[in-house]
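This is what each chain is made of:
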Number of protein chains: 2
Amino acid sequence: MTEGGMKHLHQRIRDDIEARIMSGEWAPGHRIPFEHELMAEYGCSRMTVNKVLSTLAANGLITRRRRAGTVVAEPSNQQAVLQIQDFALEAARAGVEYRFKILTRSIEPIDAAAAQRTGLPAGTKMLCLSTLHVMDDVPQAFEQRLINLATVPEAGEETFKDDPPGTWLLRRVPWTDAEHIVRAVNANGTLAKRLQIQTGTACLMLERRTWQAGAFVTEARITYPGDRHQLVGRFSPVA
Amino acid sequence: MTEGGMKHLHQRIRDDIEARIMSGEWAPGHRIPFEHELMAEYGCSRMTVNKVLSTLAANGLITRRRRAGTVVAEPSNQQAVLQIQDFALEAARAGVEYRFKILTRSIEPIDAAAAQRTGLPAGTKMLCLSTLHVMDDVPQAFEQRLINLATVPEAGEETFKDDPPGTWLLRRVPWTDAEHIVRAVNANGTLAKRLQIQTGTACLMLERRTWQAGAFVTEARITYPGDRHQLVGRFSPVA
DNA sequence: ATTGCGAATATGTCTATACATAAGCGCAAA
DNA sequence: TTTGCGCTTATGTATAGACATATTCGCAAT
């Protein structure tokens, strides 16, 4: 006569340990039972216990050291995971019309400040684009983008007729590393006019740089009017 | 006479597959060799291959389905992982003095707007704190915090003499879920005075709410002067 | 007290095997 | 053409055992 809850053993052990950590019963620094103890407690092989603990360690919930044993990890540096919105997707979901407009487009050697930020040598040829994202005739964001033509030569020929540069790139060039910076800035005259907001309005500026295996791909600076946009994210330490 | 690179097989298989995905050689949707094929290729047991692929699947790099096989995952919704700065830590690292000052403190029933945001019933008793974070006598951030006394009753007695509320909570109450919102706001008169900035200056406002096993713990709204602060994060799809 | 060394031990990696299970595929019946 | 059923197959979970390796601990020599 077995019980109703017939989850897999792996999941049951994992849930038990997570529950004890999350509830605070096992505080950071607390020693977790040895593998052979858990093995006896759950009546399973060491491999099963080991796989559970390895997974938890990979997720940063526990810390393992040979011979020393396993302890509950100290709470990690706090971090926020934020979704970066895709206008076309959100517009479709909300049932409103989305358009984008390439305002400027040129191929130029990289300027000194950008060379500094990206680590590229001075004089590298970049495709420079500025784009306005519009939903229902209301400007939602202004995007300034640099694309490294050495890494993405085909961008030089692209007209970006169907997809905005960000979407186009995401579909074409895989990336291995990204850096994000979020700032708050007051809109200057030019920006205010483009976004149809008052000069001085606080705006969110998201700066995103991506690399592919060490080679710089692109830098985007996207500015959102602060009174209409926010970055949102949910996060749970347990995957 | 074995070769120099004697990493573990697990890591070698993983590196190989990751490299092929990251380079674009295996595009999203591409079918990955079956476990028994990789097993033959690397001359190892299926368990070893299985553990590698399970790990990659847990990291979201590949998608596995019984019978159908394993394919490279579609690029996920873009997200930015941003570090939330710990003033005490950063101050210590930079060798400057850090202080915080509790400006107001009261215990009140939750107001309607906050009840809406947190999902708590109207009238729930909350500890309301506002705190100023100061480094080298320059205000760096203004924090407004609500703490749910039903979940953290001991906060009612706490004086927050040694640690600011955020640090105190983090050490005492484990959390299982968090929600973050980042906004850009123009400083109003009161805030400008507290942060010693000009009225209207763009500020970053980080709103963070946490829960522990479904029970609301705390809400913090931290406002940083936009001319001095930014949120930064690095992210790589491979853990 | 200090240092050095060997034994003990907890975790790390890997194998060979077994059975479970979801899902695709083809064939046969309607 | 469509529906339903069973076979096949790829992954999911688990075991018992083996050897590797990083540390810690205690003991002995200095």
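Nothing here was measured: the structure is a model prediction, and the numbers come from that model.

Asker: Honestly, the overall build of chain A in this entry has me stumped. Any pointers?
Answerer: Looking only at helices and strands, one finds seven helices and 11 strands in chain A. Computed over the C-alpha atoms, the radius of gyration of chain A is 25 Å, more than 25% above the 18 Å expected from 2.2 N^0.38 for a compact globule of 239 residues. Overall, chain A is about 70 × 40 × 35 Å in size when its C-alpha atoms are taken along their principal axes. Across the 239 residues of chain A, 31% fall into the buried class.

Asker: Explain the protein's contact with DNA strand C to me, please; I cannot follow it from the model alone.
Answerer: Inspection of the region around DNA strand C gives 23 residues, with A:Glu35, B:Leu9, B:His10, B:Cys44 and B:Met47 positioned closest. Among the elements of the structure, helix H3 (46-58) and strand S3 (69-72) of chain A together with helix H1 (9-22) and helix H3 (46-58) of chain B are those that each provide at least two residues to the surface near DNA strand C. Taken together, the residues that form the surface near DNA strand C break down as seven nonpolar, eight polar and eight charged.

Asker: Looking at this structure, I do not really get the protein's contact with DNA strand D. What am I missing?
Answerer: In the vicinity of DNA strand D lie 21 residues, with A:Leu9, A:His10, A:Cys44, A:Thr48 and A:Arg67 positioned nearest. Of all the secondary structure elements, the ones that give two or more residues to the surface near DNA strand D are helix H1 (9-22) and H3 of chain A together with H3 and strand S3 (69-72) of chain B. In terms of residue count, H3(B) provides more of the surface near DNA strand D than any other element does, three residues in total.

Asker: Help me understand the domain arrangement of chain A in this model?
Answerer: A common way to state how big an interface is: give the accessible area lost once the parts meet. Looking at the assigned domains, one finds that chain A contains domain 1 (9-72) and domain 2 (87-225). Relative placement of domain 1 of chain A and domain 2 of chain A: their C-alpha centres are 45 Å apart.

Asker: How should I be thinking about the interface of chain A and chain B in this particular structure?
Answerer: Between chain A and chain B, the residue contacts involve 41 residues of the former and 40 residues of the latter. Those elements giving two or more residues to the side of chain A that touches chain B turn out to be H1, strand S4 (79-83), strand S8 (177-186), strand S9 (202-212) and strand S11 (231-235) of chain A. Sorting elements by how many residues they give to the side of chain A that touches chain B places S8(A) first, with 10 residues. Residue composition of the side of chain A that touches chain B, by class: 23 nonpolar, 14 polar and four charged. For S8(A) and strand S11 (residues 231-235) of chain B, the ladder comprises five bridges, and the chain directions are antiparallel. Note on S11(B): the bridge partner recorded for A:Glu179 is B:Arg234.

Asker: Even after reading the chapter, I still don't get the environment of B:Gly119, so can you show me in this structure?
Answerer: Residue and element names in this part refer to chain B. Here Gly119 shows up in the loop between helix H5 (112-118) and strand S6 (125-135). The exposed category is assigned to Gly119, around which 10 C-beta atoms lie within 10 Å. Remark: the alpha-carbon pair of Gly119 and Ala215, spanning 96 residues in sequence, is separated by 9.8 Å.

Asker: Can you walk me through the sheet that holds S3(A) in this structure?
Answerer: Residues and elements named next belong to chain A. Here we have three strands laid out as an open sheet, ordered S1-S3-S2, and antiparallel in their pairing. Strand pairing shows two members of the sheet lacking a second neighbour, strand S1 (31-32) and strand S2 (62-65), which therefore form its edges. Against the sheet, H3 makes contact with S2 and S3, and its axis sits at roughly 115° relative to S2, the strand it touches most.

Asker: Teacher, can you tell me more about the pairing of S4(A) here?
Answerer: Walk down a regular strand and you will see the side chains alternate between the two sheet faces. Burial along S4(A) is one-sided: A:Ala80 and A:Leu82 are buried, while A:Gln79, A:Val81 and A:Gln83, pointing the other way, are not. In this sheet, strand S4 (residues 79-83) of chain B lies alongside S4(A) in antiparallel orientation, the contact comprising five bridges. Looking at S4(B), one finds that A:Leu82 is bridged to B:Ala80.

Asker: Sorry if this is basic, but what is going on with unusual backbone geometry here?
Answerer: What is expected of a backbone is that most residues other than glycine have negative phi and most peptide bonds are trans. At A:Arg67, a position not held by glycine, the phi torsion is positive, near 65°. For B:Asp136, which is not glycine, the phi dihedral falls at a positive 50°. Assignment of secondary structure puts B:Asp136 in the loop between S6 and strand S7 (138-148).

Cut-offs and rules
Residues numbered from 1 in each chain as written. Chains lettered and ligands numbered in written order. Predicted model: local features only at pLDDT ≥ 70, side-chain atom pairs only at ≥ 80, totals over all residues. Helix = DSSP H or I, 4+ residues; strand = E, 2+ residues; numbered from the N terminus. Rg over C-alpha atoms; globule rule 2.2 N^0.38 Å. Buried ≥ 20, exposed ≤ 12 C-beta atoms within 10 Å, placed from the backbone. Near = placed C-beta within 6 Å. Nonpolar A, V, L, I, M, F, W, Y, C, P; charged D, E, K, R; others polar. Domains from an automatic or database assignment. Contact = placed C-beta atoms within 7 Å. Pairing = 2+ DSSP bridges. Axes fitted to C-alpha atoms, helices over the stretch in contact; angles between N-to-C directions.

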